[in-house]
Every structure is written in C-alpha cells, then in structure tokens.
Amino acid sequence: MKAVHFGAGNIGRGFVGLLLHQGGYELVFSDVAAPLVDAINTVDRYTVHEVGEGGRDTVVTGFRALNSAEHPDAVIEEIAGANVVTTAVGPTVLKFVAPLIMSGLALRDPSSPPLQIMACENAINATDLLRDEIKAQAGEAWDALAGRAVFANTAVDRIVPAQPEGAGVDVTVEPFFEWAIERPPFGDDPPTIPGAHFVDDLAPYIERKLFTVNTGHATTAYFGAQAGIDTIAAALSDPAIAARVSAALEETSALLAVKHDLDPTSLADYRATILRRFRNAALPDTVWRVGRQPLRKLSRHERFVGPAAEAAERGLAVDALVAAMGAALAFDDTEDAQSVDLQRMLREQDAASVTAAVTGLEPQHPLFAKVEAVVAARQAELGVAG
Ligand SMILES: NC(=O)c1ccc[n+]([C@@H]2O[C@H](COP(=O)([O-])OP(=O)(O)OC[C@H]3O[C@@H](n4cnc5c(N)ncnc54)[C@H](O)[C@@H]3O)[C@@H](O)[C@H]2O)c1
Ligand SMILES: O=P(O)(O)OC[C@@H](O)[C@@H](O)[C@H](O)[C@H](O)CO
C-alpha cells in the first residue's frame, strides 16, 4: 500500500506521515522545499518526539521524498499507483497541488480501486475545496476522472510547533492527537489509519475543533503578541489573557451546543483539555506561528468570523470573539505577508471597507457593526482616520 503526502512540514511529518506509516503505507512525501526534500532523502528513519506529560518517541521508516516543483512527473506517476493521497500544505496551497493529482488520476488504471484523497488542513471541508479545484482544472475531462477517486473531509488535531534550526527531519510534537475522517465516501473500504476515527457526519467534529482549538489558540496568540509575549504557554499563564481566551471559547461552545446539539458538560471538558494542551511548557510553540496569516484567520468561514457570525444571527453573545478579532488586527509581524497586508489595509482604507474586505460580512449582518467598531478602534490607535 502506498500513500503520497503533499507537505512534509510540521504536521506532515509529525502526524499524518506518522499515522500513515503506522497503518502500513509506504510513504512518499512531496514538497517544494528543496533542502527539506534533500534532508528527508538522506535519512532512512526519523523520530517523532512527544513532549509533555505521557510523551514518548516513535520512529518512522519506509519513506522517501520528491520535489514536486522540480520533478512533477515523478509525483504524478506515484499518485497514479497510490492507494491514498493526503495533503498538509495549507488551505491556500491546495490549488497548486490539484493539477498533479488531476494528472495522476488521468494516468491511473481505471480498473484500480479509487484513490482515497484526504486534505488534512485547518479549514471546513478542505477536501471538498481540493476536489473542486481538481474538477475546475480538469474541465470536460472530469467526467472520466471522477470515478477514479473518493474524497473524504477530515479534522486533524495535534499541535506541532515550528521546528528549531538544525533539528533535521525529527519532529517535536505534543502527545495528544485526534483525526476524524468522513466514513461514507469510502463505502466498505476505509483506509487503514490506526488511531483515526471514521464518522458519518464530520461537521460537528471539524467545527468543534476549528472553533475551539483554533479559536482558542489564535485568541491566545493575538493577545499574547499584543502583550509582547513570545510563546503560547507563557501567554496563557497571564491571567488576563487566560480570561479572554476562556470567554471567547464559552461563546463558541454556546454556539456549538445549540447548532450541533453537543452536551455543554462535554464541551466544558473539551475546553479544559485544550487549555491544558496550550499550557504544555515543554512545547516550544510561538504566538507568531499560531497567529500566522491573520487575513485567512479573520476570513468569513474561519475560526473567528465563522462562529461569531452564526452566534450573532442566533442572538448569542459575541463580545469576547469580537475583542479577540480586535487583538488580531494588532498582529504586526513584518515576516508574515498577510500581517503586512492587514496593517497596510488598516492605514489606507476606512473602517467599513476594511471590515467588509477582511471578514466578507455584508454591512447589514448583525456582526458587522461590532467588528467595524474594533477596526475603527485599531485605526485610532494607529493614528489613522477610520
Ligand atoms: N502544525 C500544526 O499544529 C497543525 C495541526 C493541524 C493542522 N495543521 C494544518 O496543516 C497544514 C500545514 O501546516 P504545518 O504547520 O505543517 O505547516 P508547515 O509550513 O510546517 O508545512 C507545510 C509544508 O507544505 C510545503 N508546501 C508548500 N507548498 C507546497 C506545494 N505546492 N506542494 C507541496 N508542498 C508544499 C511547505 O514547503 C512545507 O514543508 C495547514 O493547513 C495547517 O493549518 C497544522
Ligand atoms: O495552522 P493554522 O495557521 O491554521 O493555525 C495555527 C494553529 O492554531 C494550528 O496549527 C494548531 O496547532 C493545530 O490546528 C492543532 O491541531
């Protein structure tokens, strides 16, 4: 059995690749970072180090890496003969891997079992986005290709920080992990991924994850950055920031409870577990990694505006989420292109225009005026007219 995994970065090596290896797949990483591809190909094993309570080391073997920028045809050939394709490249990069998967499907023996495709990104229905990209790029050829693949959405959860310079291919991760995968697309033949659980309806799982883990994480990062704190664990040890994060998560939990009929006590346990995970002092995770790409994180269906918009529509509280969005507006990392764009927009556009462009909300939406107010407040701090 063979799996081709796009994105040999933190979660690619530290989680998806690890579980595919444990499932018995021969693993082919595909990445565009030449030094990373070369480093992977110089070793025959790497170690996933879990740090924090209960952490242990696991060795991964049976892998190689291809540079898809330099050798796209080699990647296409591997896909044609693979059982599984996974991605962990970031939601905005899916459109760049789509042509390779499309060509791999075109080369595939039509009598082979369908290729099982799963995007492991932090986004609602990321695999559907990938399928839509492949379909759009295939045009009329899609009808012939569609039957050669099945597409399943997933929710992956494990905190994998940026790895220090010189760490090589080994990866430091937290001990916790969760991987929920839609079952129906596979029929009677789901992939063998030990530790993953297959569910009939992914929506409650991905929304609970994105709107709790990632909302809480980003809230910690943005308030932490604003307070001049570098790591997630240190930010949460500040009682004022911890209170902000808890308040934001109580708002998302209130929405999740009514929307998906989730038990409030289980949601409270889920929140407590997540906050414990964030406090893992052995995990060197920074506010800069977790806050990365603020425009993506502030977009319409993401971890802030997604739950806050639905909460506002239902008349539920949103003030803590809006305050977190205010902190996100202050995220100023000159090495992050989206942060630079956000700061430029705040300086060049009026508050209503920034709110509409960043959040995708209509001006008449019940959330709009509240976000516009924090945008204007940030502009006042910057000394620019809103
Ligand atoms: N790190 C985590 O804690 C974590 C946890 C769950 C989900 N995720 C999600 O996984 C995805 C990846 O996150 P990460 O933290 O591993 O990021 P990362 O930057 O460590 O890894 C991304 C990798 O993708 C590669 N890449 C970029 N463009 C590519 C292309 N066109 N083809 C192939 N590879 C390409 C990069 O070179 C990099 O090695 C994101 O969607 C993220 O939200 C991350
Ligand atoms: O990967 P992002 O940029 O969407 O979000 C940053 C972190 O919140 C994220 O990577 C978490 O570590 C991860 O989602 C935990 O499962």
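Computed from a prediction, not measured in an experiment: that's the story for all the values here. (Residues numbered from 1 in each chain as written. Chains lettered and ligands numbered in written order. Predicted model: local features only at pLDDT ≥ 70, side-chain atom pairs only at ≥ 80, totals over all residues. Heavy atoms only, no water.)

### Quick look at the packing of helix α7 (residues 203-226) against helix α14 (residues 319-329)
Step number 1: Orientation of α7 relative to α14, taken along the N-to-C sense of each, is 50°, at an axis distance of 8 Å. It follows that α7 is oblique to α14 by the angle criterion. As α7 packs across α14, the resulting crossing turns out to be left-handed. Contact residues: T215, T219, Y222, F223 and Q226 in α7; L321, A323, A324, A327 and A328 in α14. (Axes fitted to C-alpha atoms, helices over the stretch in contact; angles between N-to-C directions. Helix = DSSP H or I, 4+ residues; strand = E, 2+ residues; numbered from the N terminus. Parallel < 35°, antiparallel > 145°, perpendicular 65-115°, else oblique. Left-handed = near helix turned anticlockwise from the far one by under 90°. Contact = heavy atoms within 4.5 Å.)

### Structural notes on the pairing of strand β4 (residues 57-61)
Step number 1: Alternating positions in β4 separate cleanly, T58 and V60 being buried on one face and D57, V59 and T61 remaining unburied on the opposite face.
Step number 2: Note: strand β3 (residues 45-50) against β4, five bridges, orientation antiparallel. Bridging from a neighbouring strand, V48 pairs with T58 of β4. (Buried < 20%, exposed > 50% of the residue type's maximum accessible area, 1.4 Å probe, protein only. Pairing = 2+ DSSP bridges.)

### Observations concerning the packing of aromatic side chains
Any aromatic ring pair is given by two values, namely how distant the centres are and how the planes are angled relative to each other.
Step number 1: One pass over the full model with this rule turns up nine aromatic pairs.
Step number 2: Here F15 and W179 contribute two aromatic rings whose centre-to-centre distance is 5.7 Å and whose plane-to-plane angle is 55°, an arrangement assigned as tilted. Linking F15 in helix α1 (residues 10-22) with W179 in strand β11 (residues 178-182), this pair joins segments that are 164 residues apart in sequence. Pair check on accessibility: F15 and W179 agree, each one buried.
Step number 3: For the pair F186 and F198, a centre-to-centre distance of 6.0 Å together with 85° between the ring planes defines the contact as edge-to-face. Residue F186 is found in the loop between β11 and β12 (196-199), and its partner F198 is found in strand β12; the two are separated by twelve residues along the sequence.
Step number 4: One aromatic cluster is present, formed by Y222, W288, F304 and F331 through successive ring pairs.
Step number 5: R208 extends its terminal NZ or CZ atom over the ring of Y270, reaching a point 4.0 Å from the ring centre. (Phe/Tyr/Trp six-rings, centres within 6.5 Å; stacked < 30°, edge-to-face > 60°. Lys NZ or Arg CZ within 6 Å of the ring centre and 35° of its normal.)

### Description of the UniProt feature "binding site: NAD(+)" (unreviewed entry) in the protein chain
Step number 1: In the numbering used here, UniProt assigns the "binding site: NAD(+)" (unreviewed entry) feature to A3, V4, H5, F6, G7, A8, G9, N10, I11, G12, R13 and G14.
Step number 2: By secondary structure assignment, the location of N10 is in helix α1.
Step number 3: With residues near it in sequence (within four places) discarded, N10 still touches F15, V160, P161, A162, Q163 and V171.
Step number 4: Structurally, R13 is set in helix α1.
Step number 5: The class for R13 is buried, based on a relative accessible area of 5%.
Step number 6: Among all residues touching R13, those that are not within four sequence positions of it are A8, L18, F29, L36, I40, Y46, V48, Q163, G168, V169, D170 and V171. (UniProt positions renumbered as here; feature names shortened; annotations may be inferred.)

### A look at the site of ligand 1
Step number 1: Looking at ligand 1, there are 26 residues lining it, with N10, I11, D31, E121 and V160 nearest.
Step number 2: In the model, an oxygen atom of ligand 1 is placed 3.0 Å from a nitrogen or oxygen of the N122 side chain.
Step number 3: Protein chains shield 84% of the accessible area of ligand 1, which is 820 Å² for the free molecule.
Step number 4: When residues of the shell around ligand 1 are traced back to their parent elements, those giving at least two are α1, β2 (26-31) and α4 (94-107). (Near = heavy atom within 4 Å. Polar contact = N/O pair within 3.5 Å; in protein donor to acceptor, adjacent residues only side chain to side chain. Areas by Shrake-Rupley, 256 points an atom, 1.4 Å probe, with all protein chains shown as cover.)

### Overview of the sheet that holds β4
Step number 1: Read across the open sheet, the three strands follow the order β4-β3-β10; overall the sheet is mixed. The sheet is open, and its two edges are formed by β4 and β10 (171-173), each paired on a single side. Taken over all neighbouring pairs, the strand axes of this sheet differ in orientation by 25° on average, direction set aside.
Step number 2: Alignment of β3 against β10, held across three bridges, turns out to be parallel. Among the inter-strand pairings, V48 is bridged to a residue of β10, identified as V171.

### Concerning the domain arrangement of the protein chain
Step number 1: Along its sequence, the protein chain is carved into domain 1 (2-200) and domain 2 (204-382).
Step number 2: Centre-to-centre separation of domain 1 and domain 2, based on C-alpha positions: 28 Å.
Step number 3: Contacts between domain 1 and domain 2 engage 25 residues on the former and 25 residues on the latter.
Step number 4: Here domain 1 meets domain 2 over a buried area of about 1800 Å², counting both sides, of which 64% is carbon and sulfur.
Step number 5: For the interface between domain 1 and domain 2, the tally reads three salt bridges.
Step number 6: Applying the counting criterion to the domain 1 and domain 2 interface returns five residue pairs in polar contact (both at pLDDT 80 or more).
Step number 7: Of all the secondary structure elements, the ones that give two or more residues to the side of domain 1 that touches domain 2 are β9 (154-157), β10, β11 and β12. (Domains from an automatic or database assignment. Buried area = accessible area lost by both parts, 1.4 Å probe. Salt bridge = Lys/Arg side-chain N within 4 Å of Asp/Glu carboxyl O.)

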